[in-house]
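# Chain and residue survey
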Amino acid sequence: MPKLVKNAQVVEHSWVLIRTEEELAAADLTSGQWLVPYSAYIANPEAYKDADRFGFWIASDADIEQVKAAVKDRNIIAIDFPVFADGRGFSLARTLREHTDFSGEIRAVGNFIFDQIFYMSRCGFDAFEFADETDVNKALPFFSTFSESYQAGTDEPQPLFRRRA
């Protein structure tokens with residue numbers, strides 16, 4: 001099972017990410033916790049209504065206006081990074097936090113790198129799923145890359161000039 005860092009701590013997790021329609025068709029969804037493709041969730045929301053057992057993942061090119069309504073009853077949303085250079089997931093996370101008041105878990109999945117973790121957490125990500133071969137303990141220092149941030153973020157809504165005494 002992939003490794004998870006949540007709130008800057010290595011934790012065990014039970015959510016299984018289903019990437020394809022074929023994997024979804026083969027999965028036994030009668031028990032466990034599942035992150036299904038957004039397209040499957042939208043096609044049959046009644047099948048995935050239990051928010052304690054089902055979340056969904058969205059692609060970095062997802063239409064946020066369509067996703068906004070669907071997140072209201074979810075406890076977890078994953079955002080996929082197809083390549084580490086695709087920054088659209090940053091915007092999706094920040095929009096979910098600031099424009100939908102989503103307070104559940106936003107998990108980064110896919111191809112991101114340690115250097116992005118600090119900025120991703122400022123945009124609203126609170127969980128990061130890594131491949132099995134990754135040494136997740138090496139990721140932990142990246143949560144505190146900088147001691148202070150100039151810009152406002154989901155973790156600090158005031159820019160530094162507003163926080164000065």
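Going by the annotation in an unreviewed UniProt entry, the name recorded for the protein is DUF934 domain-containing protein, with Saccharophagus degradans given as the source organism.

## Description of the packing of aromatic side chains
Counting across every chain of the model gives twelve aromatic pairs. Here phenylalanine 114 and phenylalanine 130 contribute two aromatic rings whose centre-to-centre distance is 5.7 Å and whose plane-to-plane angle is 65°, an arrangement assigned as edge-to-face. Residue phenylalanine 114 is located in the loop between strand E7 (105-110) and helix H5 (117-123), and its partner phenylalanine 130 is located in strand E8 (residues 127-130); the two are separated by 16 residues in the primary sequence. For phenylalanine 114, a relative accessible area of 21% corresponds to the partly exposed category. An aromatic cluster is defined as three or more aromatic residues linked by ring pairs; in this entry it consists of Phe81, Phe90, Phe112, Phe114, Phe125, Phe128, Phe130 and Phe142.

## What about the environment of isoleucine 79?
Tracing the backbone shows isoleucine 79 in strand E6 (residues 76-81). Since its relative accessible area comes to 0%, isoleucine 79 is described here as buried.

## Describing the pairing of strand E4 (residues 33-37)
Within E4, four of the five residues are buried, which leaves the element mostly enclosed by the surrounding structure. Pairing geometry for strand E3 (residues 15-17) and E4, over three bridges, is parallel. Bridging from a neighbouring strand, leucine 17 pairs with leucine 35 of E4. A crossover links E3 with its parallel partner E4, the connecting element being helix H1 (residues 21-26), and its sense is right-handed. Examined bridge by bridge, E4 and strand E5 (residues 54-58) share four bridges and lie parallel to one another. Within the sheet, the bridge partner assigned to proline 37 lies in E5 and is tryptophan 57. Handedness of the crossover joining E4 and E5 through helix H2 (residues 38-43) is recorded here as right-handed.

Cut-off values and rules
- Residues numbered from 1 in each chain as written.
- Predicted model: local features only at pLDDT ≥ 70, side-chain atom pairs only at ≥ 80, totals over all residues.
- Heavy atoms only, no water.
- Phe/Tyr/Trp six-rings, centres within 6.5 Å; stacked < 30°, edge-to-face > 60°.
- Helix = DSSP H or I, 4+ residues; strand = E, 2+ residues; numbered from the N terminus.
- Buried < 20%, exposed > 50% of the residue type's maximum accessible area, 1.4 Å probe, protein only.
- Pairing = 2+ DSSP bridges.
- Right-handed = clockwise from strand over helix to strand, strands pointing away.

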